[in-house]
Amino acid sequence: MTVNAEDGWDLASGVGLTATETAAARAVAGRKPGALIADPFAEILVRAVGVKLFVDLVAADLEEAESGFALPRLVDFVAVRTAFFDGFLAAAQEVGIRQVVILGAGLDSRAYRLDWSPSTTVYELDQPAVIQFKTAAMDGTRARARSTRIPIAVDLTGDWEQPLRAGGFDPELPTAWCAEGLIPYLPPGHADAMLDTITTLSAAGSRLAADIVTDIEGLAGQMATSRSFNERPSTLKVDIRAGETVATSTRPDLSDYLELRGWRTESRAAPDLFELHGLPALADSLSIYQRIRLVTASDPVTGQSWRPTTMP
């Protein structure tokens, strides 16, 4: 995905547009029978951004909405991925972790919608324009965060450690790190630098969850042949170019990289989560989802393996 100095990272164009599409998919997923997730703020935030395509999708009937996303079954994928990260954070709460960092928070509303234990602090890191927009939009709903929410406006390809510390982050406390839909969009070298910083800041008992794309060229190819993607106005297409800004995210060895730095990891392919939650199997033509893996990591001293389970 092309990221450059001219890319403003706003929520209506460029990389930021993916955050709006994800929020729209969450809104639609929440309307499905037996929905895996419930995000009452997703549609509100999508409407606040105001991109007509996504506003229309969240207002459309279910069948029409699902057919309007860039890739088939994207609504289901966003649902299982959201449930995965929600479950990861819930499990971290159960073992007493009260410090959470959401990297590349975008339009994520977890600080407002999840059941946080008392004294939990949630740090949300993203570009200044994104943080400012979401904070203002949520303030407009009069919704209150269910945790102590601390927004940190930073460029995640630069120095974000110091702003995080200045916001009150305590590296002596165990932390749950959430990097949903982020690593595939980081420029070369920055994914590794981020993981190294996370490792440095992680006290015993910390945990990490992230998702990666193991074949960005295959992803680009399938998006290029997607009818719904190609029917979009050119202003609403996000360019994915292998070998430029996303080279580090194509690595298949995220688990190896983390384990060399002292983490214990588990990895699952996205289709496994479809099966776990009883969703229809993916067609062979949707092999894009075979290229997506979700990884969790815990420290080897006190960390315990966490695996997603079906919703109660």
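Residues numbered from 1 in each chain as written. Predicted model: local features only at pLDDT ≥ 70, side-chain atom pairs only at ≥ 80, totals over all residues. Heavy atoms only, no water.

If you look the protein chain up in an unreviewed UniProt entry, it shows as S-adenosyl-L-methionine-dependent methyltransferase from Mycobacterium pinniadriaticum. Under Function (unreviewed entry), UniProt gives the following word-for-word description of the protein chain: "Exhibits S-adenosyl-L-methionine-dependent methyltransferase activity." Its UniProt record gives the protein chain the following Sequence similarities (unreviewed entry) comment, quoted word for word: "Belongs to the UPF0677 family." (UniProt positions renumbered as here; feature names shortened; annotations may be inferred.)

**Student:** Run through the pairing of strand β5 (residues 207-213), naming residues and quoting values.
**Tutor:** Put simply, side chains in a regular strand alternate between the two faces of the sheet. Burial of β5 is extensive: 7 of the 7 residues sit out of reach of the surface. Side chains of β5 alternate between two faces, with Arg207, Ala209, Asp211 and Val213 and Leu208, Ala210 and Ile212 buried alike. In terms of strand pairing, strand β4 (residues 175-179) meets β5 through 4 bridges, oriented parallel. Residue pairing for β5: Ala176 is matched across the bridge by Arg207. Two strands pair when backbone bridges link them, and β5 and strand β7 (residues 292-298) are joined in this way by 7 bridges, in the antiparallel orientation. When the bridges of β7 are listed, Asp211 appears paired with Leu294. (Buried < 20%, exposed > 50% of the residue type's maximum accessible area, 1.4 Å probe, protein only. Helix = DSSP H or I, 4+ residues; strand = E, 2+ residues; numbered from the N terminus. Pairing = 2+ DSSP bridges.)

**Student:** Just give me the short version of the packing of aromatic side chains, but keep the residues and values in it.
**Tutor:** Evaluation of the coordinates by the stated rule reveals 7 aromatic pairs. Measuring from ring centre to ring centre gives 5.3 Å for Phe84 and Phe85, while their planes differ by 80°; the resulting arrangement is edge-to-face. Residue Phe84 shares its accessibility class with Phe85, and that shared class is buried. Here the aromatic residues Tyr123, Trp160, Phe169 and Trp177 are joined through ring pairs into a cluster of three or more. (Phe/Tyr/Trp six-rings, centres within 6.5 Å; stacked < 30°, edge-to-face > 60°.)

**Student:** Help me get a handle on the sheet that holds β4, residues and values and all.
**Tutor:** Strand order in the open sheet made by the 7 strands is β3-β2-β1-β4-β5-β7-β6, with mixed pairing throughout. Where the open sheet ends on each side, the last strands, each with one partner, are β3 (148-153) and β6 (264-269). Each adjacent strand pair in this sheet contributes to an overall mean axis angle of 15°, direction not counted. Packed onto the sheet, helix α7 (residues 128-141) meets β2 (121-126) and β3 and runs at close to 145° relative to β3. (Axes fitted to C-alpha atoms, helices over the stretch in contact; angles between N-to-C directions. Contact = heavy atoms within 4.5 Å.)

**Student:** Describe the pattern of salt bridges, naming the residues involved and giving the relevant values.
**Tutor:** Any two side chains of opposite charge can pair if their charged atoms end up close together. Going through the model one piece at a time under the given rule, you end up with 18 salt bridges. Between Arg110 and Asp108 there is a salt bridge, with the nearest N and O atoms lying 2.6 Å from each other. Accessibility classification places Arg110 together with Asp108 in one group, the buried group. For Asp115, the salt bridge is made with Arg146, and the minimal N-O distance between the two is 2.7 Å. Separated by 31 residues along the polypeptide, Asp115 in the loop between α6 (110-113) and β2 and Arg146 in the loop between α7 and β3 bring together distant segments of the chain. For Arg146, a relative accessible area of 44% translates into the label partly exposed. (Salt bridge = Lys/Arg side-chain N within 4 Å of Asp/Glu carboxyl O.)

**Student:** Any chance you could break down the confidence of the model for the protein chain for me, citing the residues and the numbers?
**Tutor:** When pLDDT is averaged across the protein chain, the result is 85; 79% of the residues are at 70 or more. Counting contacts from residues 1-8, a segment whose pLDDT is below 50, to residues more than four positions away or on other chains yields 21 contacts. Throughout residues 240-250 the model reports pLDDT below 50, and contacts reaching past four residues in sequence, or to other chains, amount to 36 contacts. (pLDDT = per-residue confidence, 0-100.)

**Student:** I'd like a description of the nonpolar core, backed by residues and values.
**Tutor:** Among the nonpolar cores identified, the biggest contains 60 residues, and Phe69, Phe77 and Tyr289 are the most heavily contacted of them. Ignoring sequence-local partners within four residues, the contact set of Phe77 consists of Ala270, Phe274, Tyr289 and Ile292. Ranked by size, the runner-up nonpolar core spans 29 residues in total, among them Leu201, Leu254, Leu258 and Ala297. (Core = buried A, V, L, I, M, F, W, Y, C linked by side-chain atoms within 4.5 Å.)

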